Amino acid sequence: MTPQPNQNPEQIARDLIDDQLAQAGWVVQSKNEVNLAAGRGIAVREYQTSSGPADYVLFVDRKPLGIIEAKREEEGERLTTVEDQSFEYATSKLKYLNHGDLPFVYESTGALTRFTDYRDPKPRSRPVFTFHRPETFSEWQGQSKPLRARVQDIPHLDEDGLRPAQIRAIRNLEHSFKENRPKALIQMATGAGKTFTACTFIYRLLKFAKAKRVLFLVDTKNLGEQAEQEFLKFQPTDDNRKFTELYNVQRLSSAYIASDAQVCISTIQRLYSILQGKELDESAEEENPNESAWTWQKKEPLPVAYNPKNPIEQFDFIIVDECHRSIYNLWKQVLDYYDAFLVGLTATPDKRTFGFFNQNVVSEYTYEESVLDGVNVPYDVFTIETEITKAGSIIKAKEFVDKREKLTRRKRWEQLEEDLEYKPSQLDKDIVNPNQIRTVIRAFKEALPTIFPDRFDEKGEFEVPKTLIFAKTDSHADDIIQIVREEFNEGNDFCKKVTYKIEEDPKSVLNRFRNSWAPRIAVTVDMIATGTDVKPLEVLLFMRDVKSINYFEQMKGRGTRTIKFDDLQKVTRTAKHTKTHFVIVDAIGAIKSKKTDSRPLERKPSVPLKDLLGAVKMGAQDEDLFLSLANRLLRLEKELTEPEKEKFSELAQGKSLQTVIKGLLNAYNPDVIESIEAKVAQDLVGQAPDQISKTIAQEVEGLRNSVAQVFTGELTEYVEKVRKAHDQVIDHVNTDLLLKAEWDTFTQDKAQQVVQEFAEYIETHKDEITALSIFYDQPYRRRELTLKMIKDLLDQLKLDRPLLAPTYVWEAYQQLDQVKENSPKSELIALVSLVRKVTGIDTQLTPYDRTVNQNFQKWIFQQNAGQHNRFTEEQVDWLRMIKDHISSSFHIDVEDLDYTPFDKFGGRGGMWNLFGTEMVSIIEELNKELSA
């Protein structure tokens, strides 16, 4: 509302409050014109109480329920100091009425409003965007307890099926609710089960705190779909029904929010549009808004206004997924709008995230902690460096080169007039050197058997582990895919692109990548950098650098997921053990490049066209934006071909590019605005000035909306593609040279650390674990070592130090060139081999089954040397069976002869028939000699 001239500050504040009350459904009346039948909610000004006149008394269904203490705007900073005054009115007697204390109390300047529900256990005022609706007060009054009292009733958490980090997060969060803290932050590593944790505490809020509605807020459509799947499959431990059988879950795909929805899943972009009263193009939900920086920041972003269809009390709790991206710029307004508890979820918070959530970090669970707990797997780094990747190159003048249009990929042959020098940063943008891409891919292919030495099948053919390649652009991805298929000598299905823009259904490709043998390699630009779960993924190949710390961590997070051995074998048949780690193959220096905070910084004066288009698509309509966009389109118009202009018109609802540019310019043209004002004034002669002003504003807004509405996702994507469709020079002249393909020093250091930590663990626990005490101090007892003892050792090791899994420790020895053989298939055999090395029994790390074989050959030779051919061929076959049993089970007892494989050959009796009274002594001797 525009203040009237000559009003004092108090009157201005009252007018603002009156307007906000009216928007929230209240009928505002003066004390001399009270009519409690005029509406469900009546706000009476200057109502007399036993403590003097209250600024506003709020009646719902003819009953007094609330007070508003109004102050001028200048007193906003001291609103909390007038709480005693407003409380006094709330506990006073109203003239003519017999009633109890009024529970709902506001202090407001019209610009700033605070609210207290005095039914709360420890009533505490909180800032609110505006006033609550009358029907809300009626609903609250009918409840036996307010929300902040109901959260006190949440019972002790049943820990069944939850990890320690999830238990800690839920317990601390519920404690935070009970302390009435408005914001809380859960920091939980990617892969540690953030969404499952959220499903669990949301279920408890709905069941025990009787929350009316919870909002799960994401920033991409992809994450919203994944969250919906989590709710669909979530089953609480205290009920046999699925979550969605108990509560209604709605993923928003329009502005409609169902009245019976108890969990709403929405992108923050869509919610912003809903509060603006506008529909959102679905394409605006596909990209992470923080990375694409849609926010138009030349001026303040278009503010969120009150929307009576979506009142501030619509949600009791808002869960903000990937909250490190959703608390900046225009998105923050959405979070500030609602009167709800806010819970942030993120794997990668920054300083501003901590600040926004009032430093209330209820749980911190880092990637490093998740690795130590065995929730996630660690990673190693393998570096590929080429000459051109490092330094760029020069194409000499007079050389003939291909020039390729990015959009159509149409080529033409052209001779260079002068030398063309290019930097590494220009690769795959202005310059494409296929040989550089090929050199990287070939080096990667040749290094794979070194990186995964145990992935050969029975025919000796290598099986490529599931690999995700990060490309710079769609064009770069296409080049990579073509070269990958050629270098690996495979067909189309072996390597696929996974991005939002592919013709093939991206969900289908992603699903096959996750669950089927093919594709083995996926190439992405945008789609699966964050929040997409591909558990069998074992290699991330970076052919694109990343400057954002948080985004880089999210990209790395794609490889951290653990997977059951059986599930891994379904898609990677040659896997010999469960996934112990993943490998980052860094072909561009992404690990070492300088990283910055991921939040968008203040824009440079030159804002990318993509951001201008995105801002218009999101509903921003200020003058600078329209003029800047018109200017960019004018420049673009000179470059477009006639067919491209026709395509633009087809996508712009039949409007030509010239018409759209003219519309953008006219939207703020003073002459055009003036003509609208004159026409409306003429049409509404005799109407109230307020009505004329309101109609003019509507006409002008309609003009601007009609200009903006042509910028659909399809059109903006086309404009952005056309802008990029400049020629790329294809450098077929310069061949690339591989400089190095090796384990990174980071990985070497980490391997040394793993070996050392394993040795320290064995040393530390030598007196506590039976198997270790035998290895260390009682070598004569090694013959007594049983399978159960080794299993107990493995179980204890996995419980204490999951990172020190025997196969991973073995691979650490391999990286340090201290062992050539691959890890034994059996973790138990690998563990015994490692312990023998650490305790000094073996000088070299040797697979235990090979040690047993060597000891057996030595023993047989000694027996035959002492007594010529002491054993018959049939007896030797039995001895070999015993040797094989000791190789895998470490010890043999007479009782073992009754089971496989001995039972096929007569078991205990069969051996007695062959060896007679020597049977027991031979078994004892083999237990001793083979474990030497």
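Residues numbered from 1 in each chain as written. Predicted model: local features only at pLDDT ≥ 70, side-chain atom pairs only at ≥ 80, totals over all residues. Heavy atoms only, no water.

**Some remarks on the overall build of the protein chain**
Regarding its fold elements, the protein chain presents 35 helices and 27 strands. With respect to the three principal axes, the spread of C-alpha positions in the protein chain is 130 × 85 × 40 Å. Taking the contacts inside the protein chain whose residues are at least 6 apart along the sequence as the reference set, 70% of them involve residues at least 24 apart. Summing over all exposed atoms, the protein chain offers an accessible surface of approximately 42100 Å²; the carbon and sulfur share of this is 47%. (Helix = DSSP H or I, 4+ residues; strand = E, 2+ residues; numbered from the N terminus. Contact = heavy atoms within 4.5 Å. Areas by Shrake-Rupley, 256 points an atom, 1.4 Å probe, with all protein chains shown as cover.)

**Some points on a positive patch on the surface**
Together, Arg163, Lys233, Lys535 and Lys564 make up a region of like positive charge exposed at the surface. On the accessibility criterion, Lys564 (63% relative accessible area) is exposed. (Patch = residues over 30% accessible without salt bridge, like charges linked within 9 Å, V, L, I, M, F, W, Y side chains within 5 Å. Salt bridge = Lys/Arg side-chain N within 4 Å of Asp/Glu carboxyl O. Lys, Arg positive; Asp, Glu negative; His and termini not counted. Charge placed at Lys NZ, Arg CZ, Asp CG, Glu CD. Buried < 20%, exposed > 50% of the residue type's maximum accessible area, 1.4 Å probe, protein only.)

**Here we look at the packing of aromatic side chains**
Scanning the model with the defined rule gives 40 aromatic pairs in all. Measuring from ring centre to ring centre gives 5.6 Å for Tyr848 and Phe890, while their planes differ by 40°; the resulting arrangement is tilted. With Tyr848 in helix α32 (residues 848-866) and Phe890 in the loop between α33 (873-889) and α34 (907-915), this residue pair connects regions lying 42 residues apart in the sequence. Its relative accessible area of 3% is what places Tyr848 among the buried residues. On the basis of relative accessible area, Phe890 is assigned to the buried category, the value being 1%. Three or more aromatic residues joined by ring pairs make a cluster, and in this case those are Trp26, Phe104, Tyr106, Phe115, Phe131, Phe137 and Trp140. For Lys445, the ring lying beneath its charged end belongs to Phe488, and the centroid distance is 6.0 Å. (Phe/Tyr/Trp six-rings, centres within 6.5 Å; stacked < 30°, edge-to-face > 60°. Lys NZ or Arg CZ within 6 Å of the ring centre and 35° of its normal.)

**Looking at the side chain of Ser833**
Residue position: Ser833 is located in helix α31 (residues 827-838). Each residue touching Ser833, except ones within four places of it in the same chain, is listed here: Trp810, Leu845, Thr846, Pro847 and Tyr848.

**Brief notes about the pattern of salt bridges**
Considering all chains together, one arrives at 44 salt bridges under this definition. The residue Glu650 makes a salt bridge to Lys647 at a minimum N-O spacing of 3.7 Å. Of the two residues, Glu650 and Lys647 both sit in helix α22 (residues 642-651), three residues apart, roughly one turn of that helix. On the basis of relative accessible area, Glu650 is assigned to the exposed category, the value being 57%. The exposure class assigned to Lys647 is partly exposed, which follows from its relative accessible area of 32%. What emerges from the salt-bridge pattern is a single network uniting Arg438, Arg442, Glu486 and Glu487.

**Side note on the packing of α33 against helix α35 (residues 919-930)**
Taken N-terminus to C-terminus, the directions of α33 and α35 make an angle of 45°; their axes are 11 Å apart at the nearest point. If you check the angle between α33 and α35, you find them oblique. Like other packed secondary-structure pairs, α33 and α35 cross with a definite hand, here right-handed. Residue-level contacts link Leu879, Ile882, Lys883 and Ile886 of α33 to Ile922, Leu926, Asn927 and Leu930 of α35. (Axes fitted to C-alpha atoms, helices over the stretch in contact; angles between N-to-C directions. Parallel < 35°, antiparallel > 145°, perpendicular 65-115°, else oblique. Left-handed = near helix turned anticlockwise from the far one by under 90°.)

**Here we look at the sheet that holds strand β27 (residues 738-743)**
Strand order in this open sheet of seven strands is β22-β23-β21-β24-β25-β15-β27, and the pairing throughout is mixed. Pairing within the sheet leaves two strands with one partner each, and these edge strands are β22 (495-497) and β27. Between one strand axis and the next, the sheet turns through 20° on average, direction left out of account. Bridge count for strand β21 (residues 467-470) against strand β24 (residues 539-542) is four bridges, and the pairing is parallel. Bridge pairing in β24 links Thr467 to Val539. Packing against the sheet, helix α27 (residues 745-764) makes contact with β15 (379-386) and β27, and its axis sits at approximately 150° to β15. (Pairing = 2+ DSSP bridges.)

**Considerations on unusual backbone geometry**
Residue Pro519 is bonded to the preceding Ala518 through a cis peptide linkage, with omega at 0°. Within the secondary structure, Pro519 is located in the loop between α17 (506-515) and β23 (521-524). A positive phi angle, close to 50°, is found at Asp61, a residue other than glycine. Residue position: Asp61 is located in the loop between β3 (52-60) and β4 (63-70). On the accessibility criterion, Asp61 (38% relative accessible area) is partly exposed. Even without being a glycine, Lys210 presents a positive backbone phi close to 50°. With a relative accessible area of 54%, Lys210 lands in the exposed category.

**Comments concerning the state of the cysteines**
Summed over all chains, the structure comprises zero disulfides. In this structure Cys199 is a free cysteine whose sulfur lies 14 Å from that of Cys264, the closest cysteine sulfur available. (Disulfide = S-S within 2.5 Å.)

**So, the confidence of the model for the protein chain**
Summing up the model confidence of the protein chain, the mean pLDDT is 86 and the portion of residues at 70 or higher is 92%. Across residues 292-299, confidence stays below pLDDT 50; counting only partners more than four residues off in sequence or on other chains, it has 34 contacts. Low pLDDT, under 50, characterises residues 598-605; the stretch is placed with 20 contacts to residues that sit more than four places away or in other chains. (pLDDT = per-residue confidence, 0-100.)

**Quick notes on a negative patch on the surface**
Residues Glu364, Glu368, Glu369 and Asp373 make up a contiguous surface patch of negative charge. Residue placement: Glu368 occurs in helix α13 (residues 367-372). Taking the relative accessible area as the measure of exposure, Glu368 reaches 53% and is therefore exposed.

**Observations concerning the packing of helix α5 (residues 164-178) against helix α6 (residues 194-208)**
Running from N to C, α5 and α6 cross one another at 40°; their axes reach a closest spacing of 10 Å. Taken together, the axes of α5 and α6 are oblique relative to one another. α5 and α6 meet at a crossing whose hand is right-handed. Two secondary-structure elements touch here, α5 through Gln166, Ala169, Ile170, Leu173, Glu174 and Phe177 and α6 through Phe196, Thr197, Thr200, Phe201, Arg204 and Leu205. Each residue belonging to the contact of α5 with α6 can be placed in one class, and the counts come to seven nonpolar, three polar and two charged. (Nonpolar A, V, L, I, M, F, W, Y, C, P; charged D, E, K, R; others polar.)

**A closer look at the environment of Asp339**
Residue position: Asp339 is located in the loop between α11 (329-337) and β13 (341-346). Separated by 284 residues in the primary sequence, Asp339 and Asp55 have C-alpha atoms spaced 23 Å apart. Not counting chain neighbours up to four residues away, the residues in contact with Asp339 comprise Arg126, Val128, His132, Ile312 and Phe315.

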